[in-house]
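Each chain is listed here by its residues.
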Amino acid sequence: MDRVSAFDEPLKKLLGGATAKVMAEHLDLHTVGDLLHHYPRRYEERGRLTALTELPLDEHVTVVAQVADARVMTFNGGRGKRLEVTLTDGHGRLQLVFFGHGVHKPHKELLPGRRAMFAGKVSVFNRKMQLAHPTYQLLDAELTDEAGATEAVDAFAGKLLPIYPACKQLDSWRIAKAVDAVLPSAQEAVDPLPPALREGRGFTALPEALLKIHRPQTKADVAAARDRLKWDEAFVLQVALARRRYADTQLPAVARRPVPGGLLDAFDATLPFTLTDGQLKVSKEIFDDLATEHPMHRLLQGEVGSGKTMVALRAMLATVDAGGQAAMLAPTEVLAQQHHRSITEMMGELAEGGMLGGADQGTKVVLLTGSMGMPARRQALLDLVTGEAGIVIGTHALIEDKVKFHELGLVVVDEQHRFGVEQRDALRSKAHSKGEKRSPHLLVMTATPIPRTVAMTVFGDLETSVLDQLPAGRSPIASHVVPAKDKPHFLSRAWERVREEVENGHQAYVVCPRIGDDEDEAAAKKGKKAAEADGEKRPPLAVLEIAEQLAKGPLTGLRVEVLHGRMHPDEKDDVMRRFAAGQVDVLVATTVIEVGVNVPNATAMVIMDADRFGVSQLHQLRGRVGRGSAPGLCLLVSEAHEASPARARLSAVASTLDGFELSRIDLEERREGDVLGQAQSGVRSSLRVLSVIDDEEVIAAARAEAVETVAADPELEHLPELRLVLDALLDKDREEYLDKG
């Protein structure tokens, strides 16, 4: 069998259709190679039981434990039966529950003293952790007469039991059996590391590493395998990114240098404040890039309110000075309108080029969104194609074929993670100068702080600039967790605080996870049934319900309005305009306000069901208050149990305003597959053992090696194995993502 095709063999050939189908649909595993790269999450030692005290809520887990007690209870006057089994590991206890006809088999098998592997979803019932209807596999060697017991022990004959990332439809031990079936193919693995690098770092051979990670004899086996496989992942990905960066340096672009006495100088002269050291440093990095004849690819990260828009605007003005046009892409209409408003306000008469009363060296700043009326749209398109408008701000409407530029020189993308790479690519293809195709310069802005390792991996084809100091005059934000279930009077006090802020002439946001309209309700009902069947909690709180309750109850007499994503764009804009003008006291909204909404008079925010949001998202939301001279207040309302991970997460958000620290917590919680998968076009992460949290040194070293490798051999002509593995990793989706990155 040829060396690549062994890994490309479809799983259904070796495992049978049913198992292969579940693996494809629920674990995204399709080939032998996919399964060999589906590594164990952890290992259990025989005779040592799992720490039952550390199980994560709402996750599918596999535990090895001993039965302490089992009893059948009846309910409904004896008509219903329930089997309750208590597991122990010597430290903690975990309850299993089986209902109805599912009681008989476990009642016979799960006797006190027996050991088994159990798999299921962790939930809480009556304040106790439990698994409802778990699947299980007996592990007691002496139970040879029990069906499957001997086989189970044989399958895990080693000292270390591999526990695989599993799903409801396929338990860890069934995945282990499937791995056994494909393990011989590990011998066919193509080694991507250049021989000199492999020998220089003393790495285990790849087939051996695959064998050791799946069936280790000792912990040293696991460590050696992980070290080797981490390097493969880091190096292959960094080579892909290094090749992208190298290719970008070969693309032509027009150098854009600020003109003395031009638009940028005129703008700087009108500023009523001085730029921070951070803004000046980052501006210099950007201007240096703009002055070169290959396209800038830079990521600008900065905390909410650190003045990114000011830095981006100065780059756009420099581009206009140098004869180009600048386009700013925003992820939503609300944000595009807001950017347009704030940029025209900042520029004053400089934004009225060609108009009566406009400055001589001014330019036109136009807005282009999908919901604009036809006449305004036609005028904006005309201003772009003639070059009358030096700056355009818009949503993905900018990308449509009809939009033509006179000379596009710079693209600024706001909030990268909300904007697909395809859209950026389409905009890039619109750039030409004097009839020739030239790539525009690209500046990507994000207010989500990104740890250095993630920046090197997810945004590895972009150079990074960080704005980490806030402009003078920004107010601190106090954050507190409000335990609504344990202490209902805390919630009453929260609404009193909102009233106090409004009485002092300020405004407030109330954020809910759900809208609560008809479309939403149908989904919620469906979700509620599933949640009840799973023993889970109620559906998330909704904007429309909470707004009504507040207006009739604790906030009666205040001007309460709603804002959510399914409102008509004009309606949304109207609400935002009135809120910004101080005609609305309390805005009850979904996360549409998360990005870029700037109302300095809003000082308080109450986030309902705060535990339903991610850490970075809570930090983003909180950044909407405290934007003026008055201090901000953020109240995180939650019904989560005091000892739960959800509450720990909220306490972390309340305890620090450092976005980088919070992004690290967020990353640890979501794990990186999630981050890398969602960060771009939703393709599955290729990282399986490499941790972008813990492996900063490996990533940095692999990046350095990759840069050297690509500089010496850009086409990898002398490294055919690396090329093969790269082609396999960069299947069509990832190749496109990197190309467009």
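Whatever comes next refers back to the structure up there.
Residues numbered from 1 in each chain as written. Predicted model: local features only at pLDDT ≥ 70, side-chain atom pairs only at ≥ 80, totals over all residues. Heavy atoms only, no water.

(A) Representation of the sheet that holds strand S19 (residues 507–511) within the structure. The strand order across the open sheet built from six strands is S18-S23-S22-S19-S21-S20, with neighbouring strands paired in parallel fashion. Taken across any chain shown, the strands that pair with only one partner, and hence form the sheet edges, are strand S18 (477–483) and strand S20 (560–563). Neighbouring strand axes in the sheet, compared pairwise and without regard to direction, differ in orientation by 20 degrees on average. Here five bridges tie S19 to strand S22 (residues 602–607), and the two strands are oriented parallel to one another. By the bridge assignment, Tyr 509 is partnered in S22 with Met 605. Each of S19, S20 and strand S21 (586–589) touches helix H20 (residues 543–552); the most contacted strand, S21, lies at about 150 degrees to it. (Pairing = 2+ DSSP bridges. Helix = DSSP H or I, 4+ residues; strand = E, 2+ residues; numbered from the N terminus. Axes fitted to C-alpha atoms, helices over the stretch in contact; angles between N-to-C directions. Contact = heavy atoms within 4.5 Å.)

(B) Representation of the side chain of Arg 703 in the model. Residue placement: Arg 703 occurs in helix H26 (residues 696–712). The side chain of Arg 703 is buried and forms no salt bridge, while Glu 463, the nearest opposite charge, is found at 4.9 Å. With residues near it in sequence (within four places) discarded, Arg 703 still touches Gln 238, Arg 245, Met 456 and Gly 460. (Buried < 20%, exposed > 50% of the residue type's maximum accessible area, 1.4 Å probe, protein only. Lys, Arg positive; Asp, Glu negative; His and termini not counted. Salt bridge = Lys/Arg side-chain N within 4 Å of Asp/Glu carboxyl O.)

(C) Main features of the packing of helix H14 (residues 333–347) against helix H21 (residues 569–580). Two elements in contact, H14 and H21, have axes whose closest approach is 10 Å; the angle formed by their N-to-C orientations is 50 degrees. By the angle between their axes, H14 is oblique relative to H21. Of the two elements, H14 crosses H21, and the hand of that crossing is right-handed. Within the contact between the two elements, H14 uses Glu 333, Val 334, Gln 337 and Arg 341 and H21 uses Pro 569, Lys 572, Asp 573 and Met 576. Partitioning the contact of H14 with H21 into residue classes produces three nonpolar, one polar and four charged. (Parallel < 35°, antiparallel > 145°, perpendicular 65-115°, else oblique. Left-handed = near helix turned anticlockwise from the far one by under 90°. Nonpolar A, V, L, I, M, F, W, Y, C, P; charged D, E, K, R; others polar.)

(D) How the structure looks around the sheet that holds strand S9 (residues 297–302). In spatial order, the strands read S11-S12-S10-S13-S16-S9-S17; together these seven strands make up an open sheet with parallel pairing. The sheet is open, and its two edges are formed by strand S11 (364–368) and strand S17 (463–467), each paired on a single side. Pairs of neighbouring strands in the sheet enclose a mean axial angle of 20 degrees, with direction left out of account. The pairing of S9 with strand S16 (residues 441–446) spans five bridges and is classified as parallel. Its bridge partner being in S16, His 297 is matched across the sheet by Leu 442. In the packing of helix H12 (residues 277–290) onto the sheet, the strands contacted are S9, strand S13 (408–414), S16 and S17, and the crossing angle to S17 comes to about 160 degrees. Contacts from helix H15 (residues 374–386) reach strand S10 (325–329), S11 and strand S12 (389–394), with the element oriented near 130 degrees to S11.

(E) Summary view of the packing of aromatic side chains. Taken as a whole and judged by the stated rule, the model has four aromatic pairs. Seen from their ring centres, Phe 98 and Tyr 136 are 6.5 Å apart, and the 80 degrees between their planes marks the pair as edge-to-face. Residue Phe 98 is found in strand S4 (residues 93–99), and its partner Tyr 136 is found in strand S7 (residues 135–138); the two are separated by 38 residues along the sequence. Looking at Tyr 136, the relative accessible area reads 16%, which means it is buried. Ring geometry for Tyr 509 against Phe 579: centres 5.1 Å apart, planes inclined by 55 degrees, an arrangement best described as tilted. Placement of the pair is Tyr 509 in strand S19 and Phe 579 in helix H21, with a sequence separation of 70 residues. The class of Tyr 509 is buried, set by a relative accessible area of 0%. Within the aromatic cluster, the residues linked to one another by ring pairs are Phe 98, Phe 118 and Tyr 136. (Phe/Tyr/Trp six-rings, centres within 6.5 Å; stacked < 30°, edge-to-face > 60°.)

(F) Region of interest: the pairing of S7. Alternating positions in S7 separate cleanly, Tyr 136 and Leu 138 being buried on one face and Thr 135 and Gln 137 remaining unburied on the opposite face. Pairing of strand S5 (residues 115–125) with S7 involves four bridges; the strand directions are antiparallel. The partner of Met 117 across the bridge, within S7, is Gln 137.

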